[in-house]
Amino acid sequence: MHETFVVSPIAVVHSCFKEKFGIPRQPGLVPEAKAVIELLPPFNVPEAVDGLALCSHIWVHFLFHANHRQSWKPKVKPPRLGGNKSMGVFATRSPVRPNPLGLSVVALEGVLLEYRGRAGVFLAIAAHDLLEGTPVVDIKPYLPYADALVGARNDFALASPELLDVGFADDVDRVLTHTPELKRLISQVLRQDPRPAYKKGHCEERIYGMRLNQWDVRWRYLTHVSGSQSILVTELVAHN
Ligand code: SAH
């Protein structure tokens, strides 16, 4: 019988991503994705993060708390293989794994002792891939001398995925002229093409939607004569 260890959260994520659909598949892909990691008592003391502000990036260890499926399988179908080929779970970053532990390297933009009028310890991060409410079990500094591996390879995930063009309907564009960071966030998220792999390239009429911060964003796909596709953001409404 193996020993069992109990891991409990040291922090929680307040994220721009309010639902799973549309979250980038890895950190780094959406530089404009911002979040605040709030340390929980008794870890929310400034001493615990002393020196962290010297790092440009941190490793965030977290729990996939919002997985629908709990039971893992030895083979999974990663989106990068079009969703129709399978690989060993330990050869992928699938959220469904024997222990639901996630690992993301993210940009650290600041260490704050106050956030929205509340005192505490908060880490402002960017370029992340974390859902609202994600429980964080550990934070570690990124160490360039040890973590940046020149010549590292992964022959399965060769390069980052191809990006789609993202356009905006006129009235959406007008609203976004006053919030350029929101426009960048929407473009960077949608150009990743959040559709499930089996839908990609299909010609369809359907309107897609996702929530970013307090906004419900809706879009559809345009198929061009060349066969290539792009995205048109058709609506942006405040979430109620
Ligand atoms: N970088 C991490 C996560 C990769 S999986 C790692 O390699 O371990 C990325 C997907 O995890 C995202 O597309 C998002 O849909 C999902 N995700 C993010 N936070 C989650 C959470 N708290 N619970 C369940 N799924 C989550």
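Refer to the preceding data block for the structure.
Residues numbered from 1 in each chain as written. Predicted model: local features only at pLDDT ≥ 70, side-chain atom pairs only at ≥ 80, totals over all residues. Heavy atoms only, no water.

Colleague: Give me the side chain of Asn67: which residues, what numbers.
Modeller: Along the chain, Asn67 falls in the loop between strand S3 (57-63) and strand S4 (75-76). Within polar-contact distance, the side chain of Asn67 engages the backbone oxygen of Pro95 at 2.9 Å. Once residues within four sequence positions are removed from consideration, Asn67 is found in contact with Lys20, Pro95, Val96 and Pro100. (Helix = DSSP H or I, 4+ residues; strand = E, 2+ residues; numbered from the N terminus. Polar contact = N/O pair within 3.5 Å; in protein donor to acceptor, adjacent residues only side chain to side chain. Contact = heavy atoms within 4.5 Å.)

Colleague: Can you tell me about the sheet that holds strand S10 (residues 208-212), naming the residues and giving the values?
Modeller: Ordered by their spatial adjacency, four strands build an open sheet running S9-S12-S11-S10, and the pairing between neighbours is mixed. At either end of the open sheet lies a strand with only one pairing partner, and these are strand S9 (165-168) and S10. Along the sheet, successive strands turn relative to each other by an average axial angle of 35°, direction set aside. (Pairing = 2+ DSSP bridges. Axes fitted to C-alpha atoms, helices over the stretch in contact; angles between N-to-C directions.)

Colleague: Tell me about the pairing of strand S7 (residues 118-126), and name the residues and values.
Modeller: Burial runs high along S7: seven of the nine residues are buried. Bridge count for strand S2 (residues 34-39) against S7 is five bridges, and the pairing is antiparallel. Its bridge partner being in S7, Glu38 is matched across the sheet by Phe122. Looking at chain direction, strand S6 (residues 101-115) and S7 are connected through seven bridges and run antiparallel. (Buried < 20%, exposed > 50% of the residue type's maximum accessible area, 1.4 Å probe, protein only.)

Colleague: Describe the sheet that holds strand S1 (residues 11-15), and please don't skip the residues or the numbers.
Modeller: Spatial strand order, S1-S2-S7-S6-S3-S8: six strands in a closed barrel with antiparallel pairing. Ignoring strand direction, the axes of neighbouring strands in this sheet form an average angle of 45°. Where S1 meets S2, five bridges bridge the pair, whose relative direction is antiparallel. Note on S2: the bridge partner recorded for Val13 is Ile37.

Read these as geometric descriptors, not functional statements.
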